[in-house]
Amino acid sequence: MGHAGSKDALKAQDAPLFALRHSAAHIMAQAVTRLYPQTKLAIGPPIEDGFYYDLDPPVALTEEQLPVIEAEMAKIIKENHPFQQSSIAKADAVRRFAGQPYKTELVQGIAGEQVSLYTDGEFTDLCEGPHVGATGEVKAFKLLAVAGAYWRGDEHNKQLQRIYGTAYFTPEELQAHVVRLEEAKRRDHRRLGKELGLFSFEELAGPGVVFYHPKGARVRWVIEDYVRRLHLARGYEPVATPHIFRTDVWKRSGHLDHYQDYMFLFESEGMPYGVKPMNCPGHILIFASTTRSYRELPVRLFELGTVYRNEKSGVLHGLLRVRGFTQDDAHIFLREDQLVGELREILDFAFEVLRAFGFEQYEVELSTRPEQFIGTVAGWDAAELALRDALEAGGVPYTVRAGEGAFYGPKIDLKIRDAIGRSWQCGTVQCDFALPERFDLTYAGADGRSHRVVMIHRALLGSFERFFGMLIEHYAGAFPFWLAPVQAVVIPLTDRQVPYARTVLGRVRAAGVRVELDERNEKMQAKIRDAQLAKIPYMLIVGGREETAGTVAVRHRKDGDVGAMAMEALLARLRDEPLPAQHGSGQAGAL
RNA sequence: GCUGGAGUAGCUCAGUCGGUAGAGCACGUCCUUGGUAAGGACGGGGUCACGGGUUCAAUUCCCGUCUCCAGCUCCA
């Protein structure tokens, strides 16, 4: 995970705000230094939503001290020290920062003879700038959190304390930012998952494994149903493979060498096993189980494959990073000359799926050949070109991450942002020249000889868990009609209308709609409120008038009261609700 | 895994400077039979995350563990 916006982009984009936040970072470091003179300073840049400073104070800082630091910052701001740049020789800088090991290290890493310093009042920092004119210009700031961060981002180095804060030109903008953070909190899938009864984690069962409750499982079924249908329509063959394999498989695949830390391993009757962290070996064993002809390629094996990865405890995050998850995973075995066409189809497929779920904005990254690679340069070039072609054919903007491909092949990742702007990898399309070698995957060519296949690994949603989490945040829990766990609720006005309400329920249900009856002894208003909070698209209210007329008073969660309708008109309206499927039967909303 | 913070009813939280706890919502029963976002009364429900230690006594203090939160590292 990580923020896509680079510092340079930010600089160019919003230089004045950059300078303001950078100055705020200096003032914060200055304040901490006043409070704890032995503090050693590292770095303090502006970032997308604010700034931070990494420092190594003589005592551990806690959030309770943030107001104290803020108060000291306010003093420095009031003193209105001008920021003044100066330039000194590196040797002088090293002397100047004696007792500041991180600064010394930074100075020594700078090219050239001179280094740039910025001074405000008694405080001088190694810095290229730019800054605002004087500390008094920082009028709206707030410290947000204290966290740990490794020196130079390396976990083998000492962990420093990082204080996050933010700064804006006006208090109004700062306030707006705080409001945005609160809104994002309301969209948090972990909170909504609980409120809407979608899923839970159970402490007793262990971390990172998801329990889908009935409403969450309904949504999952709808998604599965949709995804399965599309795969069938696009020539994928469904397969199902085991969850545990003897470790011989994992030795052969290389997972035991490269992935062991992430694997759940166990033993039975003296035989070592591993729970699958990936589905590829299972699909490979199916492909390899018989002689393959060039005529049948590409072979596309698809599975909703559940995998388990022993992720480090600290990285787990709601549904977005879990230990057990199910991928919409396929492996395609083909000839190298088929690669281009197949990749184009896969990308087209991936974008279709993202659009169906309302994700119009995503980031696409192409990772190319790394230093260490296997296979032929020609093969890599063909694969990279194929990936580029496919992207450009779709008019998709993408960024290239040069040399970031896997050792076995280049790949495309599709990333979506969550409610607070963190981006998460969902779909991935990877070319693979390695596993076909390791498992000796071949086909009989037209020449009667045996040839090596190429493999594509791809998942479009990525995993149901992560995708579901993103979907919840994307819609803030208000799923579109076709995905809503409960699409309509029948609300009888009094218990005299319950029999009629059951008739309505039966007819709507028979039309394939996920509908429930709320026959609690509550006032209609209370039932409406609960239905609104549950974000149910349709409320079908039946009182004496409707029963007499044989109609239903329809309320929509967004449009409110839309008036009484005859059953036929109601069913027609529900039928007209937009569905995502462009392929196949078009009845993806049905469950 | 690391740094910091937190775990009290199904949920959101209050509280106890050591004497085994409370609110709102939810849930149950009864009353109420209503017209587009909360009708009323009564009631049930907690090994205060778990395990040790100190103490006459631990939800409260100490140690350990687990889980969660923010960030770092990682994400094949």
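Residues numbered from 1 in each chain as written. Chains lettered and ligands numbered in written order. Predicted model: local features only at pLDDT ≥ 70, side-chain atom pairs only at ≥ 80, totals over all residues. Heavy atoms only, no water.

### Details of the overall build of chain A
What counts is decided by this rule: To qualify as a helix, a DSSP run of H or I must reach at least 4 residues; to qualify as a strand, a run of E must reach at least 2; elements of each kind are numbered from the N terminus. For every residue, the accessible area (1.4 Å probe, protein chains only) is compared with the maximum for its type, and the residue is labelled buried under 20%, exposed over 50%, or partly exposed between those bounds. Every residue pair with non-hydrogen atoms within 4.5 Å of one another is taken to be in contact. Accessible surface area values rest on a Shrake-Rupley calculation with a 1.4 Å probe, where residue burial reflects the displayed protein chains alone. In this tally, Lys and Arg are treated as positive and Asp and Glu as negative; His is ignored, and so are the chain termini. Here the site of a charge means atom NZ of a Lys, CZ of an Arg, CG of an Asp or CD of a Glu.
Summing up its helical and strand segments, chain A has 19 helices and 28 strands in all. Taking the principal axes of its C-alpha atoms as reference, chain A extends roughly 85 × 75 × 55 Å. Looking at chain A as a whole, 51% of its 591 residues qualify as buried. Taking contacts inside chain A between residues at least 6 apart in sequence as the whole, the part at least 24 apart equals 69%. Element-wise, carbon and sulfur atoms account for 50% of the exposed surface of chain A, whose accessible area totals about 27,900 Å². The average position of the 71 basic charges and that of the 78 acidic charges among the side chains of chain A differ by 3 Å.

### What about the sheet that holds strand 26 (residues 538–542)?
The following threshold applies: Paired strands, in this sense, are two strands between which DSSP finds at least two bridges. Lines fitted to C-alpha atoms define the axes here, with helix axes fitted over just the stretch in contact, and angles between the N-to-C directions of these axes take values from 0 to 180 degrees.
Reading across from one edge, 25-24-26-27-28 is the order of the five strands in this open sheet, with mixed pairing throughout. The open sheet terminates on both sides in strands that have one partner only, identified here as strand 25 (515–517) and strand 28 (560–566). With strand direction ignored, the average angle separating the axes of adjacent strands in the sheet is 25°. As judged from the six bridges shared by strand 27 (residues 551–556) and strand 28, these two strands associate in the antiparallel manner. Residue pairing in the sheet places Arg-555 in a bridge with Asp-561 of strand 28.

### A closer look at the sheet that holds strand 12 (residues 244–246)
Working definition: the strands of a sheet are paired by backbone hydrogen bonds and lie parallel or antiparallel to each other. Spatially, 12-14-13 is the arrangement adopted by the three strands of the open sheet, whose pairing is antiparallel. Across the chains shown, the open sheet's two edge strands, defined by having one partner strand only, are strand 12 and strand 13 (265–268). Strand-to-strand twist of the sheet, defined as the mean angle between neighbouring strand axes without regard to direction, takes the value 35°. Of the strand pairs in this sheet, strand 13 and strand 14 (residues 271–275) are connected by four bridges, and their pairing is antiparallel. Bridged to Glu-267 within strand 14 is Pro-272.

### Details of the layout of surface pockets
Empty pockets left among the atoms are what a rolling probe the size of a water molecule brings to light. Threshold: Cavities and pockets were defined on a 1 Å grid built over protein atoms only: a cavity is a set of grid points that admits a 1.4 Å probe from which the probe cannot escape, a pocket is an open set flanked by protein on both sides within 12 Å along at least five of seven lines, and lining residues are those with an atom within 4 Å of any such point. Grid points are joined across faces, edges and corners, and a volume is the space filled by probe spheres set on the points. Polarity classes work like this: nonpolar for Ala, Val, Leu, Ile, Met, Phe, Trp, Tyr, Cys and Pro, charged for Asp, Glu, Lys and Arg, and polar for all others, with Gly in that last group.
In this structure, the second largest pocket occupies an estimated 1,500 Å³ of space. Elements represented by at least two residues in the lining of the second largest pocket include exactly helix 10 (255–258), strand 16 (324–334), strand 19 (411–417), strand 20 (423–432), helix 14 (435–438) and strand 23 (454–463). For the lining of the second largest pocket, the element with the highest residue contribution is strand 20, accounting for six residues. Class assignment for the residues of the lining of the second largest pocket results in 18 nonpolar, 14 polar and 14 charged.

### Some remarks on empty space enclosed by the protein
Here the structure, examined in full by the defined rule, presents one cavity of 30 Å³ or more. Arg-234, Tyr-236, Arg-300, Glu-342, Glu-345, Ile-346 and Phe-349 are the residues that line the largest cavity. With four residues, the top contributor of residues to the lining of the largest cavity is helix 12 (residues 339–356).

### Quick notes on the pairing of strand 19
The buried fraction of strand 19 is high, at six of seven residues. Pairing geometry for strand 17 (residues 363–367) and strand 19, over five bridges, is antiparallel. Bridging across to strand 19, Ser-367 finds its partner in Lys-411. Examined bridge by bridge, strand 19 and strand 20 share six bridges and lie antiparallel to one another.

### Structural notes on the packing of helix 8 (residues 214–233) against helix 12
Definition in use: Angle categories: roughly parallel below 35 degrees, roughly antiparallel above 145, roughly perpendicular from 65 to 115, and oblique for all the rest. Left-handed is the label given to a crossing in which the near helix is rotated counterclockwise from the far helix by less than a right angle, and right-handed is the label when the rotation is clockwise.
At their nearest, the axes of helix 8 and helix 12 sit 12 Å apart, and the two run at 155° to each other. It follows that helix 8 is roughly antiparallel to helix 12 by the angle criterion. Pair helix 8 / helix 12 crosses with right-handed handedness. Where helix 8 approaches helix 12, its residues Tyr-226, Leu-230 and His-231 are matched on the opposing element by Phe-349, Glu-352, Val-353 and Ala-356.

### A look at the domain arrangement of chain A
How big an interface is tends to be expressed through the accessible area that disappears when the partners come together. Selection criterion: These domain boundaries are the output of an automatic or database domain assignment. Each of two parts loses accessible area, computed with a 1.4 Å probe, when they are put together; buried area is these two losses added. Salt bridges are defined as contacts in which a side-chain nitrogen from Lys or Arg sits within 4 Å of a carboxyl oxygen from Asp or Glu. Identification of polar contacts relies on pairs of N or O atoms within 3.5 Å, with a donor-acceptor requirement for protein atoms, meaning one able to donate a hydrogen and the other able to accept it, and with residues adjacent in sequence counted only if both atoms are side-chain atoms.
For chain A, the assigned domains are domain 1 (12–179), domain 2 (194–242 + 276–474) and domain 3 (488–580). Between the C-alpha centres of domain 2 and domain 3 the distance comes to 40 Å. If you look at the interface, domain 2 gives five residues, while domain 3 gives six residues. Surface buried jointly by domain 2 and domain 3 totals about 490 Å² across both partners, of which 64% is contributed by carbon and sulfur atoms. Put simply, domain 2 and domain 3 have one salt bridge between them. Put simply, domain 2 and domain 3 have zero residue pairs in polar contact (both at pLDDT 80 or more) between them. Per-element accounting of the side of domain 2 that touches domain 3 gives the leading share, three residues, to helix 8.

### Describing the packing of aromatic side chains
This is how it is decided: Two rings belonging to Phe, Tyr or Trp (six-membered ring only in the last case) form a pair when the distance between their centres is within 6.5 Å. Interplanar angles under 30 degrees mark stacking, angles over 60 mark edge-to-face geometry, and anything in between is tilted. The rule for a charge over a ring is simple: NZ of Lys or CZ of Arg within 6 Å of the ring centre, and within 35 degrees of the ring normal.
Following the criterion strictly, the structure yields 20 aromatic pairs and no others. Clustering of aromatic rings is evident, with ring pairs tying together Phe-199, Phe-201, Tyr-212, Phe-468 and Phe-479. Of note, Arg-21 hangs over the ring of Tyr-168, and the distance from its end group to the ring centre comes to 4.8 Å. In this structure, Arg-162 is placed above the aromatic ring of Tyr-52, and the distance from its NZ or CZ to the ring centre is 3.7 Å.

### As for the packing of helix 12 against helix 13 (residues 377–393)
With their axes 8 Å apart at the nearest point, helix 12 and helix 13 run at an angle of 40° to one another. Relative to helix 13, helix 12 is oriented oblique. Crossing of helix 12 over helix 13 shows right-handed handedness. On the side of helix 12, the interface is formed by Leu-339, Val-340, Leu-343, Arg-344, Leu-347 and Phe-351, while helix 13 contributes Ala-382, Ala-383, Ala-386, Leu-387, Asp-389, Ala-390, Leu-391 and Ala-393. Of the residues assigned to the contact of helix 12 with helix 13, the class counts are 12 nonpolar, no polar and two charged.

### Side note on the pattern of salt bridges
Under the defined criterion, the tally for this structure stands at 35 salt bridges. With a shortest N-O distance of 3.4 Å, Arg-507 and Glu-568 are connected by a salt bridge. Taken together, the positions of Arg-507 in helix 16 (residues 498–510) and Glu-568 in helix 19 (residues 567–575) put the pair 61 residues apart, joining distant regions of the chain. Look at Arg-507 and you get partly exposed, because its relative accessible area is 38%. Salt-bridge contacts for Arg-520 lead to Asp-518; the nearest nitrogen and oxygen are separated by 2.9 Å. On the basis of relative accessible area, Arg-520 is assigned to the partly exposed category, the value being 39%.

### What about the environment of Ser-423?
Within the fold, Ser-423 resides in strand 20. The buried category is assigned to Ser-423, whose relative accessible area is 2%.

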